[in-house]
Structure formats: structure tokens, C-alpha cells
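# Analysis of the macromolecular model
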Amino acid sequence: MARELYSLTIHELSALLQARTVSAAEALESVISRIEAVDGRVHAYISPTFDVARSQAQAADQRIARGDAGPLTGVPLAIKDILCTEGIRTTCGSRILENFVPPYDATVIGKLKASGAVFTGKTSMDEFAMGSSNETAYFGAVHNPWDLDRVPGGSSGGSAAAVAADECIAALGTDTGGSIRQPASLCGVVGLKPTYGRVSRFGLIAFASSLDQVGPITKDVEDAAMLLSCISGHDPKDSTSIKHEAPDYTRALKKDVKGLRLGIPKEYFIEGLEPQVEKAVREAIDLLKSQGAEIVPVSLPHTEYAVAVYYLIAPAEACSNLARYDGVKYGYRCSQPGNLREMYEQSRSEGFGPEVKRRIMLGTYALSAGYYDAYYKKASQVRTLIRRDFMEAFKTCDLIVTPTAPAPAFKLGEKLSDPLSMYLSDIFTIPTNLAGLPGISLPCGFSEGGLPIGLQIIGNLFAEEQVLHCAYCYEQSTQWHHRKPSLA
Amino acid sequence: MKITIKDVEHVAGLARLRFKDDELEAMTAQLNGILDSFDKLQTVDTTGIEPSTHAVDVNNAFRDDEVRPSLAPTAALANAPEAEQGCFKVPRIIEV
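One structure accompanies this document, and this report is about it. Everything numeric in this text was worked out from a predicted model, so none of it was measured.

### Re the interface of chain B and chain A
Counting from both sides, the interface comprises 49 residues of chain B and, opposite them, 66 residues of chain A. Both faces combined, the contact of chain B with chain A buries some 5,200 Å², and carbon together with sulfur accounts for 67% of it. The interface formed by chain B and chain A contains two salt bridges. For B:Arg18, the salt bridge is made with A:Glu345, and the minimal N-O distance between the two is 2.6 Å. The tally of links from chain B across to chain A stands at 24 residue pairs in polar contact (both at pLDDT 80 or more). If you tally residues by element for the side of chain B that touches chain A, the top one is helix H2 (residues 21–37) of chain B, at seven residues. Of the residues that constitute the side of chain B that touches chain A, the class distribution is 29 nonpolar, 11 polar and nine charged.

### Re the pairing of strand E8 (residues 294–298) of chain A
Residues and elements named next belong to chain A. Note: strand E7 (residues 261–265) against E8, five bridges, orientation parallel. When the bridges of E8 are listed, Gly263 appears paired with Val296. Viewed along the sheet, the connection from E7 through helix H8 (residues 275–290) into E8 turns out right-handed.

### Some thoughts on the layout of surface pockets
There is about 830 Å³ of room inside the largest pocket. What lines the largest pocket is a set of 28 residues, and nearest its centre among them are A:Cys84, A:Tyr104, A:Phe202, A:Gly203 and B:Leu71. Of the residues in the lining of the largest pocket, the class split is 17 nonpolar, four polar and seven charged. In this structure, the second largest pocket occupies an estimated 410 Å³ of space. Lining of the second largest pocket is provided by 24 residues; of these, A:Gly272, A:Glu274, A:Pro406, A:Ala407 and A:Lys415 occupy positions nearest its centre. Residue composition of the lining of the second largest pocket, by class: 13 nonpolar, six polar and five charged.

### What to know about the sheet that holds strand E6 (residues 213–218) of chain A
Residues and elements named next belong to chain A. Read from one edge of the open sheet, 11 strands run E1-E3-E2-E4-E6-E5-E10-E11-E9-E7-E8, paired in mixed fashion. Each edge of the open sheet is held by one strand with a lone partner, namely strand E1 (45–48) and E8. Going from strand to strand, the sheet's axes swing by 30 degrees on average, the running direction of each strand aside. As paired strands, E1 and strand E3 (residues 118–123) are joined by three bridges and run antiparallel to one another. Paired with Ser47 across the two strands is Lys122, which belongs to E3. Across the sheet, H8 is in contact with E7, E8, strand E9 (399–403), strand E10 (439–446) and strand E11 (452–459); its angle to E11 comes to roughly 50 degrees.

### What to know about the pairing of E9(A)
Residues and elements named next belong to chain A. By the criterion of burial, E9 is predominantly enclosed, with five of the five residues buried. As defined by bridge partners, E7 adjoins E9 across two bridges and the pair is classed as parallel. Its bridge partner lying in E9, Gly263 is registered against Ile400. Inspection of the sheet shows E9 paired to E11 by five bridges, in the antiparallel sense. In the sheet register, Ile400 faces E11, and the bridge partner there is Ile458.

### Topic: the nonpolar core
What tends to happen in soluble globular proteins is that the nonpolar side chains get buried as a cluster. Residues and elements named next belong to chain A. The biggest cluster of nonpolar side chains holds 177 residues, and the ones touching the most others in it are Leu83, Leu112, Phe128, Phe390 and Leu468. Here this core gets 12 residues from one element, more than from any other, and that element is helix H9 (residues 306–321). Counting residues in each nonpolar core, the second largest holds six residues, with Val151, Leu186, Ala405 and Met422 among its members.

### Things to note about a nonpolar patch on the surface
Together, B:Ile93, B:Ile94 and B:Val96 line one region of the surface with nonpolar side chains, adding up to about 400 Å² of accessible area. Relative to the helices and strands, B:Ile94 is located in the segment after strand E2 (87–88).

### Topic: the side chain of A:Ser30
Positionally, A:Ser30 belongs in helix H2 (residues 24–42). With residues up to four places along the chain from it excluded, the contact list for A:Ser30 reads A:Leu5 and A:Tyr6.

### Considerations on empty space enclosed by the protein
Residues and elements named next belong to chain A. Counted by the stated rule, this structure contains three cavities of 30 Å³ or more. Quantified by volume, the largest cavity comes out at close to 90 Å³. Around the largest cavity, the lining comprises 13 residues; the ones closest to its centre are Gly188, Val189, His481, Arg483 and Lys484. Partitioning the lining of the largest cavity into residue classes produces seven nonpolar, two polar and four charged. Estimates place the volume of the second largest cavity at around 40 Å³. Ala129, Gly131, Ser132, Gly177, Gly178, Ser179, Phe207, Tyr310, Tyr311, Arg359 and Asp426 are the residues that line the second largest cavity. Considered class by class, the residues forming the lining of the second largest cavity number four nonpolar, five polar and two charged.

### Comments concerning the environment of A:Ile169
Residue and element names in this part refer to chain A. Structurally, Ile169 can be placed in the loop between helix H5 (157–164) and strand E4 (170–175). Its relative accessible area of 0% is what places Ile169 among the buried residues. Separated by 113 residues in sequence, Ile169 and Gln56 have C-alpha atoms that sit 15 Å apart. Here Ile169 is in contact with Leu5, Tyr6, Leu8, Thr9, Ile10, Leu13, Val31, Val75, Pro76, Lys219 and Asp223, once residues within four sequence places are set aside.

### Description of the pattern of salt bridges
Two side chains carrying opposite charge are able to pair once their charged atoms lie near each other. The full count for this structure, using the stated rule, is 27 salt bridges over all chains. Across the salt bridge formed by A:Asp166 and A:Lys219, the nearest N and O atoms sit 2.8 Å from each other. In this pair, A:Asp166 sits in the loop between H5 and E4 while A:Lys219 sits in the loop between E6 and helix H7 (221–231), placing the two residues 53 residues apart along the sequence. A:Lys219 shares its class with A:Asp166; the two are buried. When the shortest N-O distance is used, the salt bridge between B:Asp36 and B:Lys2 registers 2.9 Å. In this pair, B:Asp36 sits in helix H2 while B:Lys2 sits in the segment before helix H1 (5–14), placing the two residues 34 residues apart along the sequence. For B:Asp36, a relative accessible area of 36% corresponds to the partly exposed category.

Definitions and limits used
- Residues numbered from 1 in each chain as written.
- Chains lettered and ligands numbered in written order.
- Predicted model: local features only at pLDDT ≥ 70, side-chain atom pairs only at ≥ 80, totals over all residues.
- Heavy atoms only, no water.
- Contact = heavy atoms within 4.5 Å.
- Buried area = accessible area lost by both parts, 1.4 Å probe.
- Salt bridge = Lys/Arg side-chain N within 4 Å of Asp/Glu carboxyl O.
- Polar contact = N/O pair within 3.5 Å; in protein donor to acceptor, adjacent residues only side chain to side chain.
- Helix = DSSP H or I, 4+ residues; strand = E, 2+ residues; numbered from the N terminus.
- Nonpolar A, V, L, I, M, F, W, Y, C, P; charged D, E, K, R; others polar.
- Pairing = 2+ DSSP bridges.
- Right-handed = clockwise from strand over helix to strand, strands pointing away.
- 1 Å grid on protein atoms, 1.4 Å probe; cavity = no way out; pocket = protein on both sides within 12 Å on 5 of 7 lines; lining within 4 Å.
- Points joined across faces, edges and corners; volume = space filled by probe spheres on them.
- Axes fitted to C-alpha atoms, helices over the stretch in contact; angles between N-to-C directions.
- Buried < 20%, exposed > 50% of the residue type's maximum accessible area, 1.4 Å probe, protein only.
- Core = buried A, V, L, I, M, F, W, Y, C linked by side-chain atoms within 4.5 Å.
- Patch = residues over 30% accessible without salt bridge, like charges linked within 9 Å, V, L, I, M, F, W, Y side chains within 5 Å.
- Areas by Shrake-Rupley, 256 points an atom, 1.4 Å probe, with all protein chains shown as cover.

Structure below.
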């Protein structure tokens, strides 16, 4: 039986489009019919953009006919609703931006448009990317395609669920403390957070500016390499973007790990890691070893402080970034404010949800007079120690291999009333953001209940090619990435 | 208890947020729980350790100071809750 077009990867669909076996319009209609069939159960999209997509697909078909197509021309992609899209509502999952229509495109959106990609819509997310379950989304929770009673992870839960449920060919997410990798892990897909500065943040609605990065969420590793090749590179509009040449990452996809030194940090195999997850990750490591990789025990001694460091630094940066939502220039304004201060306070209190308020409060407290040294400065110093741990480890290994999340997807509502236990979902993904490193999550097995388990591979700064290389080797010797949820 | 309801009210004012009484109590309890769990940071010896503000060391990014296109006023005002005569409109600030 021929596979439905919506179920294809970027590289599979791209080959069919270039050979003119199928048209971009046909591929898009297949994806739209899939969204219409399943999104009532998954709720991955906040704003589908089918009209825009149809004209983009038409333009893509003309490009293909002219012989002017690139690898992403005509490929239907979903975009996390944190990336500004000119003329298309961009909510950041928040009531405060419910009616915000950006007057410009994020740089990554401009790059995808130039490549001829097709946008199926804007995907759901935790409000302002603050969450690990997608439940803080103002527009409603996303359901995990593998078990509709469970969370898809967060904050890029809509993008990860859309990829897993074949509601797009691939998607963009963003990652501040694990928001690409953790939902990719919980939804059984591939998610890559690039090195900080590799991809422009211009037009990415800011959460924590020293940690935020845009990256691909895809059905396999080759697709991640293709999408990353398109979106990475220096941008004069982002002063923190790095002036490195962006390579063609697909060239890194070699099927041989001989001599690659993989560091296994003992601090990631701790109490609280579910035995099923540990078993799957250890089996993945054994497989890579049997293929010739060298396994090196390493230590990242400050790992246990990473969650505390992150939940002081990220809220501190967030409370400053979110000060711009004041009801003046854009966004929600309360009705009939008596004076300016009342307008600020009432608009923000009605516009932000509970988790966003909690983080603004935490950040404001950590930066306030008398507490700055004990909290923000202390956290920033320990961040230096966490960075040093990685630099020390990378003297003896090329890559670090760990679980992505301590457990498979949890039930909707299970952790929502306990912020601290929710924060611990990011325990294995946060350190890479603090150190700016690239990391990928890819499927490495399933729990007894049929829930996906993710393997995380972390590289040194700008070592995306090595990360992709190792991930590709593992993936090509396994079948996990071919499994699809039944959506029953 | 690290912070009292009074502290939370003060911080809310700084952050331009308002909470109802029951929300204040819940916020105080949650912030105390979170901050207590962060106490272990104080046990780390950070004598002489420079704080990191970024993960990747970057220097100032300079560019030439030249005129470039920017948003048209109509586009910049398109999302304003209230606008008048090409300006953002807010409640009266100066008492007369």
C-alpha cells in the first residue's frame, strides 16, 4: 500500500516533489485532510493557516516547474506560535497576545519563506513557553498522540504532537530549558536544540534571552539536518547570533561511529530516573558501543544545582522581557482603567496566566534589592561552574549521551498543581541551555505502556555535525522512528 | 518561611501585578516552597567565580550608524489598543 503523503518525511516528500511525482498542492491537501481528521483529538494547532498555505503551495509548484526549487520547496511545516509571522496572528499561547498580528517576520520565518516552504499553521505551546506539559496554554492543552490522556510535553508540545500525529511534515520549536527536546522525547520524534547563537532569535518572542534557541522538530534525523541547514546562520538583527558559516548539515550524516568517544555522566543516572527509561538508554549506549564507539565515564558534578540555577536565571530574564506587556503598544488592555498604573496592573493581571505570573514574581524577587546577591548572582556563578563541568568533560569525550526526560509522558493534570515537580521534568535538558550547547532527542524505545522514550545526545559548542552524525548512526540501526501512534 | 504575604505584595507592585487575597496566600506558599528547594545553591563555594550572563562569549556587535528602512507608522500602530493622531493613547498622566 502506498503511504499517505502526510506521513512522509521532508527528504521523502522533497524527492517526490523534485521528481514531479506529486505536486506541492497535493501534499498540502493530504496534510490538511489529516489535520481535519485528527486535530479535534490532539489540539496541536492554535491557528491553522490553510489559505496562506494553499497560495504558498501554488507558488512552490510554479518554482518546481521553473526548476528553481530547493529541498524545502513545497514542504508543509508547522510553526510554534512564539515565532512572529507577518500578517498571521501570533499569540505565544497567551491571552495577552490573543489578537496580536505581527508587522514583520522572524528571521527564521523569512528564511523558510525564501526556501519555498508551506506553513500549515501556528502550533500550541505553554504560555510564553513557560511549562513542561503544554497545559499552561491559554487556548487549551495539547493531547499526546500516543495516549490522548497524557501530556505531549512542553513548551513546544503543539509542534511535537503535530509531527508525531502526521499533522505536518516537520515543525519548528524553541528551547529555553528543554522545550524542543522534552516534548520530542514524550512524543517519540526528533528534536534538536542548536548551539546558542547558531540560529537567529530575531522575531522569536523573548522568554529568557540568554537561553532561548529555535530548532527543528522532525520525524527523523536527516530531516532535522535539512531544516537546521535552512534556518541557521548569522543575522545582523540578532547581536548574539554567531558569525560562523552555516554548513550543510546533511553532509554530517555518516553511518559510522568508530572511534567516537561517548561520555556517560553518572549524575544523569540517578534516583528518580524511571527504570524503563534507564534500560532503554543503556541499551542505546550498548548499541553504539557495539558499532565501535568508545564509552567514557564522565562527571558533571554541578548537575544537581542546574534546576535551581535555571529557575532563578530564566524567571529573572523573563520578568524583564515581559515588562513590555503594558497594554500600551500592543496586546491586551483592560477596560476603563482609572489611571496609568491601574492600566498596567489590571491589563497584566488579566492577560497573564498563573504560571507566567509565578515566574514574573520569582524573577522580580530574585532581582530585587537585598536578594540579588543571594539568588541571581549566586545562580549566575553556579552557571559558570556548570559550563566548566561540560568543558572539562569534553576534554575526554566528543559527545555526551543521557536520557532526555526522567520519565515517559505523564497524565494531563498530574503535575499542574505542583510547580516544583513540573520543574523537575526538565532536569536533564536544562544544563545544556545553561552551557549553550547543542542537544538532540531521538526515540530509543517504548515503555511497557507503549509510550515513547527519548535519548539525548549533547555536543560541544557548535558541534551540531557530530551530534547529528551520532544520532543518525543510532537511528539508522533501529526501527523506533518508523513507529506511528494509532490515535485510538 | 522566607517571604511573607507583605513581601509578595511588595514584589507584585514592582512587577505591576495584582492578586486577590486568596491568590496572594497561594503565591506566598508556592514561592516559599520553590525558594526553599533552591537553598542548596548556598552550599556551593563560589568564591572568586565570575558570574555567567551568557553561555557563549560574544563581544559587542557593532554596525555602521546609517539610515535604514523601519516600520511605517500605520504598521507600528496597527496593534495599539488605542491610538490617536499617529500616537499611542493612554489614560491621563498629568493632573491639571
